[in-house]
Amino acid sequence: MTLLALVGIVITPLVILGLATLLTWVERRLLGVWQNRCGPNRVGPGGVLQAAADGIKILFKEDWTPPFADKGVFVLAPAIGMMTVLLSFAVIPLTFSSSIAAGLNVGLLFVLAMMGLGVYAVVLAGWASNSKFALLGGMRAAAQMISYEVFMGLALMGVVMMTGSFSLRDIVMAQSGLWFVLPQCVGFVVFLLAGIAETHRLPFDLPEGENELGAGFHTEYSGMKFGMFFIAEYAGIVLVSALITTLYLGGWQGPILPAPIWFTLKTTVLIGFFILLRAALPRPRYDQLMALGWKILLPLSLLNIVVTGAVLLLHTAG
Amino acid sequence: MLGNVRTLILTFLHAFQSRVTVQYPEERPYLPPRYRGRIILSRDPDGEERCVACNLCAVACPVDCISLQKTEEQGRWYPEYFRINFSRCIFCGFCEEACPTYAIQLTPDFEMSEYNRQNLVYEKEDLLISGTGKYPDYSFYHVAGVGIPGKERGTSEHERPPVDLHTLLP
Amino acid sequence: MVTFHLDGKACESRPGLNLLQACLEAGANLPYFCWHPELGSVGACRQCAVRQFSSPEDQTGRVVMACMMPVTEGTRISISDPEAAELRESVVEWMMINHPHDCPVCEEGGECHLQDMTVMTGHHTRRYRFTKRTHRNQDLGPFVKHEMNRCIACYRCVRFYRDYAGGKDLAAFGSHDSVYFGRAEDGTLENAFSGNLVEICPTGVFTDKPFSEVYTRKWDMRGAPSVCVHCAVGCNIIVNSRQETVRRVLNRYNGEVNRYMLCDRGRFGYGFVNAPSRIRTPLLRVDGQHVSVSEQDAMAAFARFVGDGKIFGIASSRASLESSFSLRELVGEEQFSTGETQQAQNCMDLARTLLQSHPGHIPTLHNMESADAVLVLGEDVCATAPRLGLALRQSVRQASFHAADEANVPRWLDEAVRTLGTDCPSALYILTPAPTDLDEIALESSRAAPDTIARIGFAVAHLIDPTAPAVPDLSTSDTGLAQRIATLLGTAERPLVISGMQYGSPALMQAAANIAAALARTKPQAGLSLSLPDCNSMGLAMIGGVPLEAVIDKAVAGEISTLVIMENDLARHLDPVSLSELMNAVPNVVVIDHTASSCSERADLVLPAAAFTECVGTLVNQEGRAQRFFPAVVATPPVRPAWRWMTAIAPHCAEQKPRQDLVNWEHEDDIMAAMGRGIPALAGAVNAAPGSSYRFHSGKIRNETSRMSGRTVIRSHVSVRDQPPPPSPETPFRNSMEGTYGPDLPGALIPYFRAPAWNSVQSLTRFQQEIAGPLRGGDGGVRLLRDHSPSQPGITEDVTTVYHYGADIPPPFLPRNGEILLLPETRLFGSEELSMHSPPVVARSSPAVLRLPETDVRPDRIELRIQDVSYLLPVQSMPGLAHGVAVYPAHMTIPAFAFPRLVPLNAIKPDHTDGGAS
């Protein structure tokens, strides 16, 4: 058991990293597909080795630290970003048994905590770069991520209330009858949007904001340090997709097919949806983003808690 | 909100449309004859160089990447050297437009990449082709008034023979 | 001032102008062809049509030729009138009926007045579908290319060539649209000003032949305001260059000096700067052979020679003030020679003294054109100062102008004025030993030996002012001639006396000065002009120094261990014996020059100097005008201006006192400032042109046109990497197409003439304050000699000073048997040193012959003994040469000889076939 756990601990991050790397290629292919193009299709069969080629390339790039940067923090920031995402995967249940710590009784809180720490990566990167664009990107990231974290947690409360547990495994088990996406449809929508904002993906990628901020918080980053931000972002997509699968789409549960396949399938569709969002939607203004969060999503998630609570009370009373 | 959903659907449906990407080099696109690619110097129907070193292409060039020097042989003007720095050329075609003799022409060839930038400097030998290019019949000296070997003065199109100054007729 | 109304707008104009001039001065674009400021109006081309209204009420008016109508108070005209505009367009259209389709292969293209005017009138589509008239071309010699198909029959060429420059061999032939401008048969254009046809012709009939060999369009050339170095007149020129080679020389208008015309020597003599005879690397003599060495080695050798202490410097009358002065600073004032013989230096100093003390007027070339009586005393100005000869040609028209004024005919009405002028007597007297080109327009030309001419001159002065010394024993005929001259000059208002040092005779110049001074007692405008041999002869006279004879004495005495000869071929000044004596007596001879010469061949070290096209320099012309030339080409090291060699060597010999100053010189400005302190007479020369810190509209001036082509490719065969334009810290110019430019540029700094819609040289009108007047930014150059005439404001004159007449009257010259007075024959092509390295000028020069008076000529060849060297010379008789005098072009076969000298003549029998010098 311990040995198995150790193997899991070693393998899981590697698989996640591999997936995230592959995802960079998948995203570009999909964007191509949705824009009547081909996307990268030259390296390896169908272009599948493009990610490897990019990885090699980025490893050979000059790993440059600007002389004006705060060096320690500058190096630390991408590592934090990477670490928080990888740690979150510890509590994701692939199946009932195959997970490192899916049974953790505060699993969901752990995920939220890790996501909260993830803000530091971006903020510190923006700060340590000691450049205007990076700092502005960092500030935006901080404001955006902290705001959306608030009702991300609140949105999840509906799920927790219905399950009565913070353990992700319990949450999946609780959906054996009905996926929470139906009773918690409001929470689902809020969590989806908050998840996009948390991973600062398009259309909510204002911290990067190429056309006004250069590249936002990672303007000064290059080489593998930039690569870590990049990979962390894609790992974040996988994480959020896996979370949504777990929390709202019944996790590994499904008919006929074996459990891991179901989980992977659901997660993949969600990842595809994330990419479709990028292909289709323009970026909102920053004030629109904040207004959406505070004026719509927050009241909605509060309402969701109240209604869920009321319905649950009615049920138990009845 | 619904608009966003509609956008998502429409974008998604693009996945089932045909690709616009041309898989160059396996698949070669059709380039029209007036495509603006590699610049060449053509010859007139008699096989002589068309360029008369008038310098108009050089002055029309917005990036100043054409340079030449006039020389002369029995009334015919030639470029002594004719140099184009393709590492500067923007293929705007102004030189072709300025050329009064159809000598300089842009062709549908664009495959001229080099690893060494110096190799993008083309001299007259590199530019000169053996044919007439897009204008098969035009010969400047058959229209211009100057005399050249093989075409006496006064024998161009729309010209009378030279005036005999010794005649007493009005 | 009069006010006229142009398209409803009131414009100021000067009375006496024609409407075309008035419109152009008002800034309007009115097309024209046949009118030229110097040639006046003939109304031949019908291009300048405007509508003139008789009164404000008049709505109909009539179409008139603007060039033929005077501007008067209240004249109302319209350029934009539709009918006039249509007429102008159709005039161009029918000119273009026969104009060939060959602009791409036309040298005029891009600076063509016809192109400009066609665009200006708006004609663009050929409607005529029938055939074009063609012509055969002629070979007009090495200077001018002929392409008659392009002719639009404006008659400017023959009017310039025949009427203005006095040429005979260019004429209009044929009639109607077959009219032909050319020679009766193929052959070289003989007039000394044929090159101006290139600029006079509004289209490409006459083009610059040497330029065509290295042709490039006007917009592709860098221009540099420069000064001609081929005689002492100091004509202003523009040197055009591309790819760091000089391509051509153009006239640069200076209202005071050369105005619209240049002589052929000035226009085509620049070839020496591109010639193979240029020295491009330092040469050191090793084992009797010249080997090219590196700059460092040359400098080390130079330092070794200079460090020896017993150093002597020889400057040159063709080197700039900067170079001569820096040489003087290097070697010290006592060890500085002018590089002239005692005789030449005496003449130069005398010329300077005479001009300085002349109580009347020192005329500019433009002033000379309005002299109403001229006496040329013993100088063939057509050869020594050709442009001055052309000015004198205009001066004889004064009488016709006065007649025109009386007949109420405007002076610009050329045909009428010339017709009136046929009855007007010339007021030009020419007294020279040999015939000159001006004889044909002279009232009287007389031939005599220089001493006799001087005597007549002294006699004229005595007749005008009895306090001037009288001439004893003057012959009756000479007295009569003197009487006639005195009467003519005495009745003139602006008389002018011209002499020079062509024949090395101080008496001639003294006599001329006496006459001018005598005239100046009653006529403040009485002018004196003395012609000098080289472009900086006057400047060198102002710097001063010891003559060559003194150098030889010192060298023979062993007091010179190193001789620095700068831009001077001593073989042109010293006879071969003296030269060998000097060269053998000096252990180390350093020659700094741009062109290889017999002198540089004998040097131990030769340092390459920049020619006038490659550096900044200041020259003082014969009227004492300091003018600056600017580089058109960037000198490539090790070639550098001669003064840069001096400053480079200065730190190596810093222990010597006079060299202290040199070490601190960085720019040409520094030298001029130091020279102003060291030589007060030259202090004004600093203002010859604005210094390097000058900014036009707060920027450096661009010396390339805004549409210079090929910037990113021109040197890409060497390296595809872009290079910044070469810096030009010495000048207010930037060697680039980026910089400031405009019609208000100072006259000394105009790199090229171009104005919107005016691409040809005719754009000049936009740069002038008034047409044919001074440039808007002021004419270039500054006069260093004081002009005593009251017309110069601001100069208060001490009238009480008594003029001291020269009284050194020579005895009369008497022809002797068996001996003949040998005088130098100065030629337009052949005598001047630098232009003889220019291929077209060499092609124009003819072989040297000894010319004898008509009666004396017997054999084909004659043996001439000069200083124990005998020369076998071909002989030709020269009708009209003074008795007892022979002329021979100096330097062409005989290296140099002191003159005037009596030489024995030994006729060689015709069967003797020995060749050349023996």
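Residues numbered from 1 in each chain as written. Chains lettered and ligands numbered in written order. Predicted model: local features only at pLDDT ≥ 70, side-chain atom pairs only at ≥ 80, totals over all residues. Heavy atoms only, no water.

Chain A is annotated in an unreviewed UniProt entry as NADH-quinone oxidoreductase subunit H of Gluconobacter thailandicus NBRC 3257. Recorded under Catalytic activity (unreviewed entry), the UniProt text for chain A is reproduced unchanged: "a quinone + NADH + 5 H(+)(in) = a quinol + NAD(+) + 4 H(+)(out)". Note on chain A: under the UniProt heading Sequence similarities (unreviewed entry), the record states "Belongs to the complex I subunit 1 family." (UniProt positions renumbered as here; feature names shortened; annotations may be inferred.)

Caption draft 1: Quick peek at the overall build of chain C. Each helix and strand counted, chain C has 26 helices and 36 strands in total. In terms of overall size, chain C behaves like a compact globule, its C-alpha atoms giving a radius of gyration of 28 Å where 918 residues would be expected to give roughly 29 Å. For the C-alpha atoms alone, the extent of chain C along its principal axes is close to 90 × 80 × 65 Å. Buried residues in chain C amount to 63% of all 918 residues. Counted over contacts in chain C with a minimum sequence separation of 6, partners at least 24 positions apart contribute 74%. Of the roughly 32,200 Å² of accessible surface on chain C, a fraction of 52% belongs to carbon and sulfur atoms. Seen as two clouds, the 82 positive and the 101 negative side-chain charges of chain C have centres 5 Å apart. (Helix = DSSP H or I, 4+ residues; strand = E, 2+ residues; numbered from the N terminus. Rg over C-alpha atoms; globule rule 2.2 N^0.38 Å. Buried < 20%, exposed > 50% of the residue type's maximum accessible area, 1.4 Å probe, protein only. Contact = heavy atoms within 4.5 Å. Areas by Shrake-Rupley, 256 points an atom, 1.4 Å probe, with all protein chains shown as cover. Lys, Arg positive; Asp, Glu negative; His and termini not counted. Charge placed at Lys NZ, Arg CZ, Asp CG, Glu CD.)

Caption draft 2: Looking closely at the UniProt feature "transmembrane region" (unreviewed entry) in chain A. Residue and element names in this part refer to chain A. Sequence positions flagged by UniProt for "transmembrane region" (unreviewed entry) are, in local numbering, residues 6-26, 73-96, 102-125, 146-166, 178-197, 226-249, 261-280 and 292-314. The span residues 146-166 is 86% helical and 0% strand by assignment, and the distance between its end C-alpha atoms comes to 21 Å. For the annotated span residues 178-197, helix accounts for 65% and strand for 0% of the residues, and the straight-line distance between the end C-alpha atoms is 27 Å.

Caption draft 3: Main features of the domain arrangement of chain C. All names here are of chain C. Assigned domains within chain C: domain 1 (2-96), domain 2 (283-338 + 548-688), domain 3 (346-386 + 417-538) and domain 4 (819-907). Spacing between the C-alpha centres of domain 2 and domain 4 amounts to 32 Å. On the domain 4 side, the residues contacting the 12 residues of domain 2 number 10 residues. At the boundary of domain 2 with domain 4, total buried surface from both sides reaches about 910 Å², with 57% on carbon and sulfur atoms. Taken together, the links from domain 2 to domain 4 amount to two salt bridges. (Domains from an automatic or database assignment. Buried area = accessible area lost by both parts, 1.4 Å probe. Salt bridge = Lys/Arg side-chain N within 4 Å of Asp/Glu carboxyl O.)

Caption draft 4: Spatial organisation of the side chain of threonine 107 of chain B. Residues and elements named next belong to chain B. Residue placement: threonine 107 occurs in the loop between strand 4 (104-106) and strand 5 (121-122). Here threonine 107 falls in the buried class, since its relative accessible area comes to 16%. In this structure, threonine 107 is in contact with Tyr35, Arg36, Gly37, Arg38 and Ile40, ignoring residues within four places of it in sequence.

Caption draft 5: Spatial organisation of the arrangement of the chains. Among two pairs of chains with at least one contact, chains B and C form the most extensive contact set. Separating chain A from chain C is a minimum C-alpha gap of 26 Å, and the two share no contact.

Caption draft 6: Quick peek at the packing of aromatic side chains. In total, this model carries 36 aromatic pairs over all chains according to the counting rule given. Seen in terms of ring centroids, phenylalanine 143 of chain C and phenylalanine 268 of chain C are 4.2 Å apart; in terms of plane orientation they differ by 5°. Their pairing is stacked. One end of the pair, phenylalanine 143 of chain C, is in the loop between strand 6 (132-134) and strand 7 (144-146); the other, phenylalanine 268 of chain C, is in helix 7 (residues 264-268), with 125 residues separating them in the sequence. Comparing phenylalanine 143 of chain C with phenylalanine 268 of chain C shows no difference in burial state: the two are buried. Pairing phenylalanine 160 of chain C with tyrosine 164 of chain C gives two aromatic rings, centres 5.8 Å apart and planes at 25°, and the pair type is stacked. Here tyrosine 164 of chain C and phenylalanine 160 of chain C lie together in helix 4 (residues 156-164), a separation of four residues that amounts to about one turn. Exposure remark for phenylalanine 160 of chain C: the relative accessible area of 0% places this residue in the buried category. According to the relative accessible area criterion, tyrosine 164 of chain C is buried, its value standing at 2%. Linked through ring pairs, Phe74, Phe217, Tyr221 and Phe229 of chain A together constitute an aromatic cluster. (Phe/Tyr/Trp six-rings, centres within 6.5 Å; stacked < 30°, edge-to-face > 60°.)

Caption draft 7: Here's a closer look at the sheet that holds strand 13 (residues 245-251) of chain C. Residues and elements named next belong to chain C. Read across the sheet, three strands follow the order 11-12-13 without closing on themselves; strand pairing throughout is antiparallel. Of all the strands in the sheet, just strand 11 (222-227) and strand 13 have a single pairing partner and so form its edges. Across the sheet, the axes of successive neighbouring strands diverge by a mean angle of 30°, strand direction being ignored. Taken together, the six bridges between strand 12 (residues 236-242) and strand 13 define a ladder with antiparallel strand orientation. By the bridge assignment for strand 13, valine 239 is matched with valine 249. (Pairing = 2+ DSSP bridges. Axes fitted to C-alpha atoms, helices over the stretch in contact; angles between N-to-C directions.)

Caption draft 8: Representation of the nonpolar core. All names here are of chain C. Grouped together as the largest cluster of nonpolar side chains are 105 residues, with contacts concentrated most on Phe302, Ile515 and Ile592. Considering each element in turn, this core owes the most residues, 12 residues, to helix 18 (residues 506-520). Residues from two domains meet in this core; each of domain 2 (283-338 + 548-688) and domain 3 (346-386 + 417-538) gives at least three. Setting aside its immediate chain neighbours within four residues, isoleucine 515 contacts Leu375, Leu377, Gly457, Val460, Ala461, Ile464, Leu489 and Val497. By size, the runner-up hydrophobic cluster in this structure holds 91 residues, among which are Ala49, Met65, Val91 and Val144. (Core = buried A, V, L, I, M, F, W, Y, C linked by side-chain atoms within 4.5 Å.)

Caption draft 9: Structural detail: the interface of chain A and chain B. Contacts between chain A and chain B engage 14 residues on the former and 16 residues on the latter. A buried area of about 1,300 Å², summed over both sides, lies between chain A and chain B, and 57% of it is on carbon and sulfur atoms. Ranking the residues of chain A by area buried against chain B places Trp34, Asn36 and Arg42 of chain A at the top, with a combined share of 45%. At the surface where chain A touches chain B, the tally comes to one salt bridge. Between arginine 42 of chain A and glutamate 26 of chain B there is a salt bridge, with its nearest N and O atoms 2.8 Å apart. At the junction of chain A with chain B, the criterion picks out 12 residue pairs in polar contact (both at pLDDT 80 or more). (Polar contact = N/O pair within 3.5 Å; in protein donor to acceptor, adjacent residues only side chain to side chain.)

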